[in-house]
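Secondary and tertiary structure notes
As a plain string of letters, each chain reads:
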Amino acid sequence: MTDTTYILRIENIKKAFGKNEVLKGVSLDVRKGETICFIGPSGTGKSTLLRCINQLTIPDSGKIFLNDEEVTHAGPRINYFRQKIGMVFQNFFLFDHLTAVRNVEIALLKVKKMNPKEAREKAMFELKQVGMADWADHYPAELSGGQAQRVSIARALAMDPDIMLFDEPTSALDPELTREVLEVMKKLALEGMTMLVVTHEMGFACSVANKICFMEHGHIKEQGTPAELLNNPEFERCKAFIGEFREYSQ
Amino acid sequence: MDQITFIFDIMVPAFANGLLITLALVAVTAPIGFLLGVGVACGRVYGGKGLSWLMQLYTIFFRGCPLLLLLFILYFGLPSLGIVLTPFVASVLGFIFCNSAYNSEYVRGSILSVKEGQLIAAKALGMTKNQAILNIVLPQALRRSIPGVSNEFIYLIKYSSLAYMITVIELTGASKLIATKYFAYNETFIAVAIVYLALVTITTFGANALEKKYAIPG
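The sections below set out a description of the structure shown in this document. None of these values were measured; they are calculated from a predicted model. (Residues numbered from 1 in each chain as written. Chains lettered and ligands numbered in written order. Predicted model: local features only at pLDDT ≥ 70, side-chain atom pairs only at ≥ 80, totals over all residues. Heavy atoms only, no water.)

Turning to the overall build of chain B, a few remarks are in order. If you tally the helices and strands in chain B, you get 8 helices and 0 strands. Reading chain B from its N terminus to its C terminus gives the helix and strand order α-α-α-α-α-α-α-α. In terms of principal-axis extent, the alpha carbons of chain B reach across some 75 × 50 × 20 Å. In chain B, which comprises 218 residues, the proportion classed as buried is 45%. Of the roughly 11000 Å² of accessible surface on chain B, 72% is carried by carbon and sulfur atoms. (Helix = DSSP H or I, 4+ residues; strand = E, 2+ residues; numbered from the N terminus. Buried < 20%, exposed > 50% of the residue type's maximum accessible area, 1.4 Å probe, protein only. Areas by Shrake-Rupley, 256 points an atom, 1.4 Å probe, with all protein chains shown as cover.)

Here is the structure:
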């Protein structure tokens, strides 16, 4: 039954908050190195789906597999899987009391039990990757939104994850800062990182994603390559959604 | 007897002995009361239903019980149950209960003020709940609890005088003994009040320095 070509398998995930069914049975297989963008109206379960993958939100039913190991019902081993599943949040969630470099190294020290010298080197390396090495000794409150988000990407990358989840990584940023974060993400994608990205950045989705999933009412309504979604008439809802975006951007 | 002799031969030595006891009461109580307060706060915020409820009961009881009565129970009451405490131990025990109950509320407040995202991000990196609390939440919460905890420390300096009621001759006790013996109430009590004021002032500046030292830039 196992298919090793998929790094992540999502099987029929359901989640309700009270009477509100947010995910109504979502399944998706992700190949290594793929970038998948999730688009769609607000409140359709995109972020909840990402949070179910690393069990920050526990799904009501369904299963998640990472490298054919079950992530759901993993018990304390979930902390191992979470190291393998990097996550970047809309509001960065950098640790306010730690400098940029301490933000990146803290999990290396406390979770991976690396020695301080190695951890510092690794943290500096990751900061360099996102162009933030010069800001290593600054506190989160001293960084712009774009800088903070790049540090949070470095923090997730430092754990050497197998896949990266991006939960609206640029929604709290103005266009200029959005660009610098998208640049970093694009570079990551090109380097072969497997990425799941919830975003409203159509430009990014269309140019970087291998696959776009259009979500609505707790389902993946339509999915395909960016070209398919934009050109194929069968993907009506998605095109209408993208069209609404275009209307305003004109 | 002139004033100079009274001050230097009687008051200073008596105060010095009393002050030493007061400082000993505070020095033993404060660190334990603080750590226990942090523990109670964590139990209330992060413990399961049972632990959380138990910790709330602890806070209700020791904040609600008048401290003097608590000391009376510990010192005069417990011997009838076969537990005999020295006056000093009974005082420290009572102070620790009271101090930790109040501190737990200051710390709980500051834990709740740390944004939820901090804990979520820590978990997403693979930290266990305990690792996240110890490394991420508490360092931020404890910084914010400095004003409250130092407030409680100042109270402690002053309510440590209640130990006198169970025969610990600390600063207030020592002054009371001199005052009655030499019939010099005003001089003695004003002098001892100045000593307390000095202790509290030192604490205030210490707390300010601590707050400044651990302030998060930006």
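What follows covers the pairing of strand β10 (residues 219–224) of chain A. Residues and elements named next belong to chain A. Both strand β9 (residues 211–216) and β10 contribute to a ladder of 5 bridges, which runs antiparallel. Residue pairing in the sheet places Glu 216 in a bridge with His 219 of β10. Counted along the chain from β9 to the antiparallel partner β10, the turn is 2 residues long, and its residue His 217 has a positive phi close to 50°. (Pairing = 2+ DSSP bridges.)

Residues and elements named next belong to chain A. Among the structural elements, Thr 48 can be located in helix α1 (residues 46–53). The exposure class assigned to Thr 48 is buried, which follows from its relative accessible area of 13%. Excluding residues that lie within four positions of it along the chain, Thr 48 makes contacts with Lys 15, Phe 17, Val 22, Leu 23 and Thr 57. (Contact = heavy atoms within 4.5 Å.)

Here we come to the interface of chain B and chain A. Listed as interface residues are 21 residues of chain B and, on the opposing side, 25 residues of chain A. Buried area between chain B and chain A, both sides added, is near 2000 Å², and the carbon and sulfur share of it is 66%. On the chain B side of the interface with chain A, the three residues burying the most area are Ala 124, Leu 125 and Pro 217 of chain B, jointly 28% of the side's total. Inspection of the chain B/chain A interface yields 1 salt bridge. When the shortest N-O distance is used, the salt bridge between Asp 96 of chain A and Lys 115 of chain B registers 3.7 Å. Across the chain B-chain A interface, the total number found is 5 residue pairs in polar contact (both at pLDDT 80 or more). Residue assignment for the side of chain B that touches chain A shows that the elements contributing at least two residues are α5 (116–124) and α6 (129–159) of chain B. Tallying contributions element by element places α5 of chain B first for the side of chain B that touches chain A, with 7 residues. (Buried area = accessible area lost by both parts, 1.4 Å probe. Salt bridge = Lys/Arg side-chain N within 4 Å of Asp/Glu carboxyl O. Polar contact = N/O pair within 3.5 Å; in protein donor to acceptor, adjacent residues only side chain to side chain.)

All names here are of chain B. Under the criterion given, the structure shown has 13 aromatic pairs over all chains. Aromatic side chains Tyr 75 and Phe 76 sit 4.9 Å apart centroid to centroid with 65° between the ring planes, which places their arrangement in the edge-to-face category. Look at Phe 95 and Tyr 159: their rings are 5.6 Å apart centre to centre, the planes differ by 55°, and that puts the pair in the tilted class. Note that Phe 95 is positioned in helix α4 (residues 87–113) and Tyr 159 in helix α6, a separation of 64 residues in sequence. Each of the two residues, Phe 95 as well as Tyr 159, counts as buried. Cluster of aromatic residues (ring-pair linked, three or more members): Tyr 58, Phe 61, Phe 62 and Phe 97. (Phe/Tyr/Trp six-rings, centres within 6.5 Å; stacked < 30°, edge-to-face > 60°.)

Moving on to empty space enclosed by the protein. What the rule picks out here adds up to 1 cavity of 30 Å³ or more. In this structure, the largest cavity encloses a volume near 60 Å³. Along the wall of the largest cavity there are 13 residues; nearest its centre are Gly 86, Met 87 and Ala 156 of chain A together with Ala 124 and Leu 125 of chain B. Those elements giving two or more residues to the lining of the largest cavity turn out to be α2 (78–84), β6 (85–88) and α5 (145–157) of chain A together with α5 of chain B. Residues that form the lining of the largest cavity fall into these classes: 8 nonpolar, 3 polar and 2 charged. (1 Å grid on protein atoms, 1.4 Å probe; cavity = no way out; pocket = protein on both sides within 12 Å on 5 of 7 lines; lining within 4 Å. Points joined across faces, edges and corners; volume = space filled by probe spheres on them. Nonpolar A, V, L, I, M, F, W, Y, C, P; charged D, E, K, R; others polar.)

We now examine the environment of Ile 216 of chain B. Here Ile 216 of chain B lies in the segment after α8 (185–213). When the C-alpha positions of Ile 216 of chain B and Arg 143 of chain B are compared, they lie 8.9 Å apart, and in sequence the two are 73 residues distant. Apart from residues lying up to four places away in sequence, Ile 216 of chain B is in contact with Asp 96, His 97 and Tyr 139 of chain A together with Arg 143 of chain B.

In this structure, Leu 8, Phe 38, Ile 53 and Ile 153 of chain A are the most contacted members of the largest nonpolar core, which totals 107 residues. Not counting the four nearest positions on each side in its chain, Ile 153 of chain A is found in contact with Val 88, Val 130, Met 164, Phe 166, Val 181, Val 184, Met 185 and Leu 188 of chain A. With 38 residues, the next largest nonpolar core counts Phe 6, Val 26, Met 55 and Leu 71 of chain B among its residues. (Core = buried A, V, L, I, M, F, W, Y, C linked by side-chain atoms within 4.5 Å.)

We now examine the pattern of salt bridges. All names here are of chain A. Inspection of the entire model under this criterion finds 15 salt bridges over all chains. The salt bridge partner of Arg 9 is Glu 11, with a shortest N-O separation of 3.2 Å. Residue Glu 11 is classed as partly exposed on the basis of its relative accessible area of 32%. Measuring nitrogen to oxygen at the nearest pair gives 4.0 Å for the salt bridge that ties Arg 51 to Asp 167. Of this pair, Arg 51 sits in helix α1 while Asp 167 sits in strand β7 (residues 163–167), and the two are 116 residues apart along the sequence.

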